[in-house]
Amino acid sequence: MRKKTIISASDNIILNLKVLAEEKEGVRLKLVVTAAKLAATAEKLAAIAKKKEGVRLKLVVTAAKLAATAEKLAITAKKREGIRRRKLAVTAAKLAATAEKLAVTAKEKEGVRHRLAVTAAKLAATAEKLAITAKEKENVRRKLTVIASELAAAAKEKESVRRKLVVTAKEKEIVRLKLVVTAEKLKRSYEMLERKVFERTKDLEMARAKEEAILLSIGDGLLVTDEKGNVIIINKTAEKLFSKNSKEVVGRVFSDVIFLEDEKGASIPSEKHPVNVALATSAATATGPTYYCVREDKTKFPMAIMATPVVLNGKVIGAIKIFRDITNEREIDKAKTEFVSLASHQLRTPLSAVNWYTEMLLAGDVGELNEKQKKYLDEVYRSNQRMVELVNALLDVSSLELGTFVMEPESTDIIKLAQSVIDEQKPQIHAKRIHFSFLSKRKVSPMQVDPKLLRMVLQNILSNAVKYTPGGGKIRLSISLVDKKNILLKVSDTGYGIPNNQQDKIFTKLFRADNVRDKDTDGTGLGLYIAKSIVENAGGKIWFTSSGEVAGVRASRMAGGEENNGTTFYVSLPLDAAQRESTK
């Protein structure tokens, strides 16, 4: 209603302004006509005044002429001095009076003309003022017309806005109704979602409780840490093994509550702890050598540990450590090893007897043998030799595991030792036409090492290279100094390589890769295990690559090679192995 009242008031103002403008236009037109008439009257009066001025001038001229004539007549009358002198004088006087009257009349007419001219000037000024006023009024009229047009346009726009506002109000009402319906739907959806969230939360809480119950009930010890190594979960088995309750452990850094030692009683630094390794490398980590957990009462037990990182969205957010007490397993392994050692010792005597009698028969000490008998005895002799090698290997493994394999370091020329091992393998190398090369880049001084054990390491690695390299292949042995304290042995071949999925088992006991089992049936699977044990006990390292490294060409990636592309074994040993504590 207020908008309609404003619009009607604006319309009345516009109509009044239009009427006022029309009235002023009428007055202006009338003033223009009056000014025109006054200007015409002034022009007429100016013309009459001009004519009268002409008559006055003529009268003045005539008066001047008459005065001259009178003067002449007076002279004539004076000269003639006759009767007519008086008449002429009278006539002259009359004429002079007449001339004077005419002069006065002309003077009066001149005053009238002057007054008429002043009046005409005033009328002209008035006409000019009226014209200016009419012009100003015309400008005012035009401005009023423009204002009226603007007001009319504004009124039109306001009417358009009013109509739009009416439409907008209707649309808003429609939108409001829709929003009411949507709000009702959202309310129902929210209530339904709230019910689902509540049910889902209950399910998740139940699932979490089940998961926690499962984790806490695992038979092995379980420890869960966050990304900083702080313990967040520990199960009952772990509490029992550590002789600690969860309140003493949860919230603390695992390395502050769990102390590890190696077999010699040396503390394991926290950076080498499987949990820290898993957090740092984002890869599952299992303990290789046996670690011992030391309790607060100084008792300890051996444990097997597997630490696995917990990864979320590509980021490590913690680690899970699973461990168990392997005291019983170690006792069982020790019993097995002792049994193997005892059995091997017991087997060695009859095997030696069989070997001795077979050699006597083959040598003809008890009479000549025919070809068929020799053939069978050769098979018996070779089989017995394989049995002797297996028994010796088993005895070596048993000695290593039982700690009875004593290391006796002495000054050893490793170049001569390597050459003697090569000489042992030369028959097989020549038989397979293998291109063999031995390289020592610089003279190596004698090193303190057990020559028997070092020979076993070289024999196992070099014999494997010869066995698993096809005829016509290449083998290269090189010995070099890494620095002033360590020496590096490298054996490269162009053999069958090691399958990717089996490379992590290559140093385990009785393991033989699938791709070589049918190529050499005499292997025991103990050679590399023995070599690794000897090297590590001497303070060295052994590793390999199997990615096509041939004749000293650098491998493209470590321990990630392809089958049938050759293998390279590396052995790093300290020059003074005597500083290492010998195997007990």
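Residues numbered from 1 in each chain as written. Predicted model: local features only at pLDDT ≥ 70, side-chain atom pairs only at ≥ 80, totals over all residues. Heavy atoms only, no water.

A. Structural detail: helix H6 (residues 274-281). Among all positions in H6, only Pro-274, Val-275, Ala-278 and Leu-279 are buried. Projected down its long axis, H6 shows its buried positions confined to an angular sector of 135°, all on one face. Positive backbone phi, at 60°, marks Ser-282, one or two positions downstream of H6. (Buried < 20%, exposed > 50% of the residue type's maximum accessible area, 1.4 Å probe, protein only. Helix = DSSP H or I, 4+ residues; strand = E, 2+ residues; numbered from the N terminus. Arc of directions from axis to C-beta.)

B. Fine view of the pattern of salt bridges. Per the counting criterion, the structure on display carries 9 salt bridges. Of the charged contacts, one joins Arg-188 and Glu-184 as a salt bridge, the two residues approaching to 3.9 Å between their closest N and O atoms. With a gap of 4 residues between them, Arg-188 and Glu-184 both fall in helix H2 (residues 84-216), about one helical turn apart. In this structure, Lys-426 and Asp-423 form a salt bridge, with 3.4 Å as the shortest nitrogen-oxygen distance. Highlighted residues: Lys-426 and Asp-423, both in helix H9 (residues 414-431), separated by 3 residues, approximately one helical turn. What makes Asp-423 partly exposed here is its relative accessible area of 40%. Three or more residues are tied together by salt bridges with common partners; here these are Glu-138, Arg-141 and Arg-142. (Salt bridge = Lys/Arg side-chain N within 4 Å of Asp/Glu carboxyl O.)

C. Geometry of the packing of aromatic side chains. Under the criterion given, the structure shown has 4 aromatic pairs. Considering the side-chain rings of Trp-543 and Tyr-570, the 5.2 Å spacing of their centres and the 10° angle between planes classify their relative orientation as stacked. Of this pair, Trp-543 sits in strand S13 (residues 541-545) while Tyr-570 sits in strand S14 (residues 568-574), and the two are 27 residues apart along the sequence. Look at Trp-543 and you get partly exposed, because its relative accessible area is 30%. Plain terms: the ring middles of Phe-544 and Phe-569 are 5.6 Å apart, the flat faces sit at 35° to each other, and that makes the pair tilted. Here the residue Phe-544 occupies a position in strand S13, and Phe-569 occupies one in strand S14, the gap between them amounting to 25 residues. On the accessibility criterion, Phe-544 (7% relative accessible area) is buried. Grouped by ring-pair contacts, the aromatic residues Phe-507, Phe-544 and Phe-569 constitute a single cluster. (Phe/Tyr/Trp six-rings, centres within 6.5 Å; stacked < 30°, edge-to-face > 60°.)

D. Expanded view of the packing of H9 against helix H10 (residues 451-467). Running from amino to carboxyl end, H9 crosses H10 at an angle of 35°, the nearest separation of the two axes being 10 Å. Judged by the sense of rotation from one axis to the other, the crossing of H9 with H10 is right-handed. Of the residues in H10, those in contact with Ile-414, Leu-417, Ala-418, Ser-420, Val-421, Ile-422, Glu-424, Gln-425, Gln-428 and Ile-429 of H9 are Pro-451, Leu-454, Arg-455, Leu-458, Gln-459, Leu-462, Ser-463 and Val-466. (Axes fitted to C-alpha atoms, helices over the stretch in contact; angles between N-to-C directions. Left-handed = near helix turned anticlockwise from the far one by under 90°. Contact = heavy atoms within 4.5 Å.)

E. A look at the pairing of strand S11 (residues 474-481). Both strand S9 (residues 435-440) and S11 contribute to a ladder of 6 bridges, which runs parallel. The partner of Ser-440 across the bridge, within S11, is Ile-479. Judged from the 7 bridges that link them, S11 and strand S12 (residues 486-493) form a sheet pairing that is antiparallel. Each residue of the ladder has a partner; that of Leu-477, found in S12, is Val-491. Connecting S11 to the next strand, S12, in antiparallel fashion are 4 residues. (Pairing = 2+ DSSP bridges.)

F. Inspection of the sheet that holds S9 at higher detail. The mixed open sheet is built from 5 strands, whose spatial order is S9-S11-S12-S14-S13. The strands lining the two open edges of the sheet, one partner per strand, are S9 and S13. On average, each strand axis in the sheet is tilted by 10° relative to the strand beside it, whichever way the strands run. Pairing of S12 with S14, which is carried by 7 bridges, proceeds in the antiparallel orientation. Across the sheet, the residue bridging to Leu-488 is Ser-572, located in S14. In this fold H9 packs onto S9, S11 and S12, with an angle of close to 180° to the strand it touches most, S9.

G. Structural context of the environment of Val-380. As for its placement among the helices and strands, Val-380 is situated in helix H8 (residues 371-402). Residue classification places Val-380 among the partly exposed positions, given a relative accessible area of 38%. Note: C-alpha distance between Val-380 and Val-354 (26 residues apart in sequence) is 8.8 Å.

H. Layout of the nonpolar core. Of all hydrophobic cores here, the largest spans 46 residues; its most connected members are Ile-414, Ile-461, Ile-487, Val-571 and Leu-573. Taken together, the elements giving at least two residues each to this core come down to H9, strand S10 (447-449), H10, S11, S12, helix H11 (527-537), S13 and S14. Counting residues per element, this core draws most heavily on H10, which supplies 9 residues. If we skip the residues at most four places from it in the chain, Ile-487 touches Ile-414, Val-444, Met-447, Ile-479, Ser-480, Leu-481, Val-482, Val-571, Ser-572, Leu-573 and Leu-575. (Core = buried A, V, L, I, M, F, W, Y, C linked by side-chain atoms within 4.5 Å.)

I. Structural detail: a nonpolar patch on the surface. A grouping of Ile-13, Ile-147 and Leu-151 is seen on the molecular surface, where their side chains present a nonpolar patch of about 230 Å² in accessible area. When you line up the elements, Ile-147 lands in helix H2. Of the residues examined, Ile-147 reaches a relative accessible area of 37% and is grouped as partly exposed. (Patch = residues over 30% accessible without salt bridge, like charges linked within 9 Å, V, L, I, M, F, W, Y side chains within 5 Å. Areas by Shrake-Rupley, 256 points an atom, 1.4 Å probe, with all protein chains shown as cover.)

J. Quick peek at unusual backbone geometry. For Asn-313, which is not glycine, the phi torsion reads 55° and is therefore positive. Of note in the backbone geometry, Arg-433 takes a positive phi value of approximately 55° without being a glycine. Here Arg-433 shows up in the loop between H9 and S9.

K. How the structure looks around the pairing of strand S5 (residues 291-294). Along S5, one buried face is formed by Tyr-291 and Cys-293 and the opposite face, lined by Tyr-292 and Val-294, is buried too. Inspection of the sheet shows strand S3 (residues 259-261) paired to S5 by 3 bridges, in the antiparallel sense. For Phe-259, the partnering residue across the bridge sits in S5 and is Val-294. Bridge count between S5 and strand S6 (residues 300-312): 4 bridges; the pairing is antiparallel.

L. Spotlight on the side chain of Ser-463. In this structure, Ser-463 sits in helix H10. Of the polar contacts made by the side chain of Ser-463, one reaches the backbone oxygen of Gln-459; its length is 2.6 Å. Not counting the four nearest positions on each side in its chain, Ser-463 is found in contact with Gln-425 and Leu-458. (Polar contact = N/O pair within 3.5 Å; in protein donor to acceptor, adjacent residues only side chain to side chain.)

M. How the structure looks around H9. The terminal C-alpha atoms of H9, which comprises 18 residues, lie 26 Å apart, in line with the 26 Å expected from a rise of 1.5 Å per residue. Maximal helix bending in H9 amounts to about 50°, located at Gln-425; proline Pro-427 follows within four positions. Buried-residue contacts for H9 involve strand S8 (410-412), S9, S10, H10, S11 and S12. With a side-chain oxygen positioned 3.1 Å from the backbone nitrogen of Ile-415, the residue opening H9 is Asp-413. Among the residues trailing H9, Arg-433 stands out with phi positive, at a value near 55°. (Expected span 1.5 Å × (residues − 1). Bend = angle between axes of the 7 residues up to and from the residue.)

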